[in-house]
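Structural description and commentary
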Amino acid sequence: MGSIVLKTEIPGPRSRELTARKDATIARAKGLWMPMWIDHGRGALLHDVDGNTFIDFAGGIGCLNIGHAHPRVVKAVQDAAAKFLHTDFTVVPYESYVALAERLLPLVPIGGSKRAAFFNSGAEAVENAIKIAKAATGRPAVIAYEAAFHGRTHMAMSLTSKVHPYKTGFGPFAPEVYRVQFPNAYALGPDAAEIALDDLRRGLKTRVAPETVAAIIIEPVQGEGGFVPASAEYLRGLREICDEHGIVLIADEVQSGFGRTGRMFAMEHFGVEPDLVCVAKSIAGGVPISGVLGRASIMDAPDDSTIGGTFVGNPLGCEAAVAVLDVIADEGLLARGTEIGDRLRAAYESLQDRTPAIGDVRGLGPMLGVEFVREGDGAPDAELASRIVGEALARGLILLKAGLHGNVIRTLVPLVISDAELDEAIAVFDAAVTSATAAVIA
Ligand code: PLP
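These numbers come from a predicted model, not from an experiment. Residue positions within a chain follow its written sequence, with the count starting from 1. In view of the model being predicted, local features appear only for residues whose pLDDT reaches at least 70, and side-chain atom pairs are presented and counted only at 80 or more, with totals across whole chains, interfaces and linings using the full set of residues. Each side-chain value is worked out from all heavy atoms of the structure, with water and hydrogens disregarded.

Let us look at the layout of surface pockets. Here a cavity is any set of points on a 1 Å grid over the protein atoms alone where a 1.4 Å probe fits but cannot get out, and a pocket is any open set with protein on both sides within 12 Å along at least 5 of 7 lines; a residue lines the site when it has an atom within 4 Å of a point. Grid points are joined across faces, edges and corners, and a volume is the space filled by probe spheres set on the points. Size it by volume and the second largest pocket reaches roughly 510 Å³. Together, 21 residues line the second largest pocket, and Phe89, Thr90, Tyr97, Ala117 and Ile307 are the ones closest to its centre. Considered class by class, the residues forming the lining of the second largest pocket number 13 nonpolar, five polar and three charged. Here the nonpolar group is Ala, Val, Leu, Ile, Met, Phe, Trp, Tyr, Cys and Pro; Asp, Glu, Lys and Arg are the charged ones; every other residue, Gly included, is treated as polar.

Here it is as structure tokens:
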């Protein structure tokens, strides 16, 4: 018997009731991607309010690399909550904030002296990384990428590329943001790195003067943009350009960090050092906290009290994040992530051999995307991807889409998933793709 248990239609009656209450009370912008409501989660499994059990490949959009409700994180939060809930670290400090920095900084793929600062969300980490880079350089401009996603606050939204739905109606945007091509090998072909480096070099002549650029911010694997990895060749070239012009290189590892690619940070795959790293999502096993980590000379540029916020680096998040680092080390989740990635990639590639609608299988380690296209002209097929998400859900597997065209299915599987659960999920994925593509052909 497998882990998936479906006792009611999906959504079940209790979920439908909750959705009706939500529709009567919650702002329309808070639409729901999944129709069922969670009761509790354990590891890679999500149990809904109607008694159904799903395998969760969404992980709260990449926040659950160590799984739902890991007992060591739950205990850390309970213990911390029983002591105190809040002081504001800068008003009355607490040890866990510093302990987290001491544990994290040696893991960041940057040499030399480093510093940390903690915030609440990924977007806030991005906002603050940009402020820090501006303070360090005294420059106003920032370069970001086509198809980038950096969050929904004002600066982060300005850096985000996808217009609908993230930016529509929310302008004017932050000024002095310039956009360049991402080295997307599926879109640009084998010369993607050189094409994208040429675009950046041209941009520094035609879009913005390099001596006014504070930072270039890049996701080493684009997340919302469709799980597109950059390459070592591109990142090496980018590092050289940043060094030549005194530009701060920011790696946004909000989605790719904490084992998501089989390494602690995705940048480790490329052997290139950024100057600053933004972290959030899986850092604390589901508890909201984020951070900016990086070179001391840059991190120390802003004056006292120029970065901060009431709840930033909250004690529950700090304790939870330390527990997450213990879990990743003690349970060998980086090696396990690589293993999961290898198994999933093999399964997706074998499916691709049988499925002309799969245009690409790509990613790093277990951070894998499957891109669906129309047979014949290869155009993005968002409708098919949606149908597959629906077919998978009806069989008990939670999947998420991504990509500028919404035609990529991404894998954000908890790295604590068992082999049996992984096999079961792969079988459901296969059945969902087979059924959805058969429906298209019929
Ligand atoms: N940066 C990246 C790469 C992300 O994927 C996200 C969220 O998906 C963010 C920043 C924003 O994080 P948050 O939603 O916690 O503000």
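Taking strand neighbours across the sheet as the criterion, the four strands line up as β13-β14-β17-β16 in an open arrangement whose pairing is antiparallel. Looking at which strands have only one partner, the edges of the open sheet turn out to be β13 (358-364) and β16 (400-402). Direction aside, the axes of adjacent strands within the sheet are offset by 30° on average. Here, a strand pair is defined by DSSP locating no fewer than two bridges between the strands. Runs of E in the DSSP output that reach at least two residues are strands. Runs of H or I that reach at least four are helices, and both are numbered from the N terminus. Bridge count between β13 and strand β14 (residues 367-372): six bridges; the pairing is antiparallel. Every axis in this analysis is a line fitted to C-alpha atoms, fitted for helices over the stretch in contact. Angles between the N-to-C directions lie between 0 and 180 degrees.

Sheet topology places strand β5 (residues 141-145) next to strand β6 (residues 177-180); four bridges connect them, and they run parallel. When the bridges of β6 are listed, Ala144 appears paired with Arg179. Read as a crossover between parallel neighbours, the route from β5 over helix α6 (residues 154-159) to β6 is right-handed. Handedness is read with the strands pointing away from the viewer; a crossover is right-handed when the path from the first strand over the helix to the second is clockwise.

Moving on to the packing of helix α3 (residues 71-83) against helix α11 (residues 315-330). Direction vectors running N to C along α3 and α11 enclose 155°, while the axes themselves pass 8 Å from each other. Compared by their axis directions, α3 and α11 come out roughly antiparallel. Crossing handedness for the pair α3 and α11: right-handed. Where α3 approaches α11, its residues Arg72, Val73, Ala76, Val77, Ala80 and Ala81 are matched on the opposing element by Pro315, Leu316, Glu319, Ala320, Ala323, Val324, Asp326, Val327 and Asp330. Each residue belonging to the contact of α3 with α11 can be placed in one class, and the counts come to eleven nonpolar, no polar and four charged. Relative orientations are named as follows: roughly parallel for angles under 35 degrees, roughly antiparallel for angles over 145 degrees, roughly perpendicular for angles from 65 to 115 degrees, and oblique for any other angle. Crossing handedness is read from the near helix: turned anticlockwise from the far helix by less than a right angle, it gives a left-handed crossing, and turned clockwise, a right-handed one. In this analysis, two residues are considered to be in contact whenever any of their non-hydrogen atoms come within 4.5 Å of each other.

Turning to the packing of helix α8 (residues 192-206) against helix α9 (residues 232-245), a few remarks are in order. Axis separation between α8 and α9 bottoms out at 9 Å; the angle between their running directions is 20°. Judged on the interaxial angle alone, α9 and α8 are roughly parallel. Note that α8 runs across α9; the crossing there is right-handed. Within the contact between the two elements, α8 uses Ala193, Glu194, Ala196, Leu197, Leu200, Arg201 and Leu204 and α9 uses Glu233, Tyr234, Gly237, Leu238, Ile241 and His245. Among the residues forming the contact of α8 with α9, the class breakdown is eight nonpolar, two polar and three charged.

Our focus in this paragraph is the state of the cysteines. Here a disulfide denotes one covalent bond, and it connects the sulfur atoms of two cysteines. For this text, the term disulfide refers to a pair of cysteine sulfurs within 2.5 Å. Evaluation of the coordinates by the stated rule reveals zero disulfides. The thiol of Cys242 is not disulfide-bonded; the next cysteine sulfur, from Cys278, is found 14 Å away.

On to unusual backbone geometry, then. Going from Ile10 to Pro11, the amide bond is cis rather than trans, its omega being 0°. Considering the arrangement of structural elements, one finds Pro11 in the segment before α1 (13-25). Pro172 follows Gly171 through a cis peptide bond whose omega is 0°. Despite not being glycine, Glu176 has its phi angle at roughly 65°, a positive value. Its place among the elements puts Glu176 in the loop between α6 and β6.

Our focus in this paragraph is the domain arrangement of the protein. Domain borders in the structure are assigned automatically or taken from a domain database. What the domain assignment lists for the protein is domain 1 (32-62) and domain 2 (72-330). If you average the C-alpha positions of domain 1 and of domain 2, the two centres end up 28 Å apart.

This paragraph deals with the nonpolar core. Phe57, Tyr234, Leu238 and Ile250 are the most contacted members of the largest nonpolar core, which has 141 residues in total. A per-element tally of this core places α11 first, with ten residues. Residues lining this core come from more than one domain, with at least three contributed by each of domain 1 (32-62) and domain 2 (72-330). Apart from the residues lying within four places of it in its own chain, the contact partners of Leu238 are Tyr145, Leu197, Leu200, Ile216, Ile218 and Leu249. Side-chain atoms within 4.5 Å link the members of a nonpolar core, which is a set of buried Ala, Val, Leu, Ile, Met, Phe, Trp, Tyr and Cys residues. With a 1.4 Å probe rolled over the protein chains alone, any residue whose accessible area is under 20% of its type maximum counts as buried; one over 50% counts as exposed, and the rest are partly exposed.

Strand order in this open sheet of four strands is β1-β2-β3-β15, and the pairing throughout is mixed. This sheet does not close on itself; its edge strands, each paired only once, are β1 (38-42) and β15 (397-398). Judged from the three bridges that link them, strand β2 (residues 45-48) and strand β3 (residues 53-56) form a sheet pairing that is antiparallel. Bridge pairing links Leu45 to Ile55 in β3.

Attention now goes to the site of the ligand. Inspection of the region around the ligand gives Ser121, Gly122, Ala123, Phe149, His150, Gly151, Glu219, Glu224, Asp252, Val254, Gln255 and Lys281 as its neighbouring residues. Distance and chemistry together define a polar contact, namely a pair of N or O atoms within 3.5 Å, with one atom able to donate a hydrogen and the other to accept it when in protein, and with adjacent residues in sequence counting only for side-chain atoms on both sides. One of the backbone nitrogen or oxygen atoms of Ala123 is found 2.8 Å away from an oxygen atom of the ligand. Here an oxygen atom of the ligand and a side-chain polar atom of Lys281 are 3.0 Å apart. Starting from 390 Å² of accessible surface for the ligand in isolation, the protein chains cover 83%. Across the shell around the ligand, the residue classes break down as three nonpolar, five polar and four charged. Whether a residue is near a molecule or strand depends on its heavy atoms: it is near if one of them lies within 4 Å of it. Calculation of accessible area relied on Shrake-Rupley with a 1.4 Å probe; when residues are assessed, cover is drawn exclusively from the protein chains displayed.

Once that is clear, we can look at the environment of Ala101. With respect to the helices, strands and loops of the structure, Ala101 is situated in helix α4 (residues 95-104). C-alpha of Ala101 to C-alpha of Ala117: the two residues are 16 residues apart in sequence and 8.0 Å apart in space. Setting aside chain neighbours within four positions, we find Ala101 in contact with Pro106, Ala116 and Phe118.

On to the packing of aromatic side chains. Given two aromatic rings, their pairing is described by the distance between the two centres and the angle made by the two planes. Each Phe, Tyr or Trp ring (for Trp, its six-membered ring) is paired with any other whose centre lies within 6.5 Å, and the angle between the two planes then decides the class: stacked below 30 degrees, edge-to-face above 60, tilted in between. Scanning the model with the defined rule gives ten aromatic pairs in all. Judged by centre distance (5.6 Å) and plane angle (65°), the rings of Phe258 and Phe265 are edge-to-face. What links up through ring pairs into an aromatic cluster is the set Phe84, Phe89, Tyr94, Tyr97 and Phe118.

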